[in-house]
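# Structure at a glance
Residue-level listing of the chains:
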Amino acid sequence: MKRKSSYVLVILLFTVFLINVRAQEAGEKFSQGVAEYSTGNYKEALQLWLDLYNSGYRSASLDYNIGNAYFKMNEIPNSILFYERAYLLKPSDENINYNLEIARSRTIDKFKAIPELFFVKWFDFISLSLNGNTWSIISIVAFVLCLAFLSIYIYSTGYRTKVTGFWIALIMFFLSIIAISFSWQNRTLVNDSHKAIIVAPQVSGKSSPDNSGTDLFVIHEGTKVTIGEEVGGWYEIVLSDGNKGWVPVNSLNVI
């Protein structure tokens, strides 16, 4: 039994060691990119940061700086793509929001967006204010506190103590439900937002998922769209003004 425990401890320590090494390597590569960027070597900085991104490392700072490098190289669609990714990780950051708006102003298409319901907008914003793991931890802590105060309600003999225990337990229960809802929405928005950026210089929205379909509209690079089902190498997209059409999969990049 002791030998098994030792094996588990060794594995845990080795895992922590690997995580620390990887974080240190990521930090070094990120700093190298910053040094290249500050001297005007945008292409070299971008390559370092993209290597880091493709290795699986994720952070708002990394996405933001990749967006900056693409913007400096006048690759507006990709700059918008990574600014949007940075926004999902840190929606309250003023620099991310400002640069995203600047990049959007450089696009050709200007659609009158259908207003989003205010409570949906706020729900999304709050869910993105913390990461999914943090919301999950809050939910677990709230649920444990709910059980603790519920025990006080059940086993206490004092009237006031029982009433206080009941109401705090009820509040903690609802807080736990709300936090897990935010966690679920955060993971949905970050990992499966159903949003994409058009990267092709120009693409026609078709009435059907094939080249023989009727052209419904024409959109240009940098336009943000909502994606639906995929059929035979085509995505059904929805524009911000509500128009729908089919475009080739390779004409866009998913946020």
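Now for a look at the structure at hand. Keep in mind it's a predicted model, so treat the numbers as computed, not measured. (Residues numbered from 1 in each chain as written. Predicted model: local features only at pLDDT ≥ 70, side-chain atom pairs only at ≥ 80, totals over all residues. Heavy atoms only, no water.)

## Looking at the pattern of salt bridges
Overall, the coordinates contain five salt bridges when judged by the stated rule. Residues R104 and E84 are paired through a salt bridge, measuring 2.7 Å at the closest nitrogen-oxygen approach. With R104 in helix α5 (residues 94-104) and E84 in helix α4 (residues 76-89), this residue pair connects regions lying 20 residues apart in the sequence. For R104, a relative accessible area of 29% translates into the label partly exposed. Given the relative accessible area of 3%, E84 is considered buried. Between K224 and E84 there is a salt bridge; the shortest N-O distance is 3.3 Å. Linking K224 in strand β4 (residues 224-231) with E84 in helix α4, this pair joins segments that are 140 residues apart in sequence. The network of salt bridges with common partners includes E84, E101, R104 and K224. (Salt bridge = Lys/Arg side-chain N within 4 Å of Asp/Glu carboxyl O. Helix = DSSP H or I, 4+ residues; strand = E, 2+ residues; numbered from the N terminus. Buried < 20%, exposed > 50% of the residue type's maximum accessible area, 1.4 Å probe, protein only.)

## Things to note about the packing of aromatic side chains
The description of two aromatic rings rests on the distance between their centres and on the angle between their planes. Here the structure, examined in full by the defined rule, presents 12 aromatic pairs. In textbook terms, an aromatic cluster arises when at least three aromatic residues are bridged by ring pairs, as seen for F30, Y37, Y42 and W49. The ring of Y53 carries the charged tip of R58 above its face, separated from the ring centre by 3.7 Å. Of note, K162 hangs over the ring of Y153, and the distance from its end group to the ring centre comes to 4.8 Å. (Phe/Tyr/Trp six-rings, centres within 6.5 Å; stacked < 30°, edge-to-face > 60°. Lys NZ or Arg CZ within 6 Å of the ring centre and 35° of its normal.)

## Some remarks on the pairing of β4
Sheet analysis places strand β1 (residues 195-198) next to β4, joined by three bridges and oriented antiparallel. Directly across from I197, in β4, lies its bridge partner K224. For β4 and strand β5 (residues 234-238), the ladder comprises four bridges, and the chain directions are antiparallel. Across the sheet, the residue bridging to E230 is Y235, located in β5. What sits between the antiparallel neighbours β4 and β5 is a turn of two residues, in which G232 has the positive phi angle 50°. (Pairing = 2+ DSSP bridges.)

## As for the side chain of D109
Within the element layout of this structure, D109 appears in the loop between α5 and α6 (118-129). Among the polar contacts made by the side chain of D109, one reaches the main-chain amide nitrogen of H220 at a distance of 2.6 Å. In this structure the side chain of D109 is engaged in a polar contact, spanning 2.7 Å, whose partner is the side chain of T223. In contact with D109, other than residues within four places in its own chain, are V218, I219, H220 and T223. (Polar contact = N/O pair within 3.5 Å; in protein donor to acceptor, adjacent residues only side chain to side chain. Contact = heavy atoms within 4.5 Å.)

## Comments concerning the layout of surface pockets
Looking at the largest pocket, its volume works out to about 1200 Å³. Lining the largest pocket are 31 residues, with E84, R104, E116, K195 and K224 sitting closest to its centre. Those elements giving two or more residues to the lining of the largest pocket turn out to be α4, α5, α6 and β4. Tallied by class, the residues present in the lining of the largest pocket amount to 13 nonpolar, eight polar and 10 charged. (1 Å grid on protein atoms, 1.4 Å probe; cavity = no way out; pocket = protein on both sides within 12 Å on 5 of 7 lines; lining within 4 Å. Points joined across faces, edges and corners; volume = space filled by probe spheres on them. Nonpolar A, V, L, I, M, F, W, Y, C, P; charged D, E, K, R; others polar.)

## What about unusual backbone geometry?
At N74, a position not held by glycine, the phi torsion is positive, near 65°. Among the secondary structure elements, N74 is positioned in the loop between α3 (60-72) and α4. With relative accessibility at 49%, the residue N74 sits in the partly exposed group.

## Concerning the pairing of β5
Alignment of β5 against strand β6 (residues 244-248), held across five bridges, turns out to be antiparallel. Note that in β6 the partner of V238 across the bridge is K244. Turn length for the β5-β6 hairpin, with the two strands adjacent in sequence and antiparallel, is five residues, and the turn residue G242 shows positive phi of about 100°.

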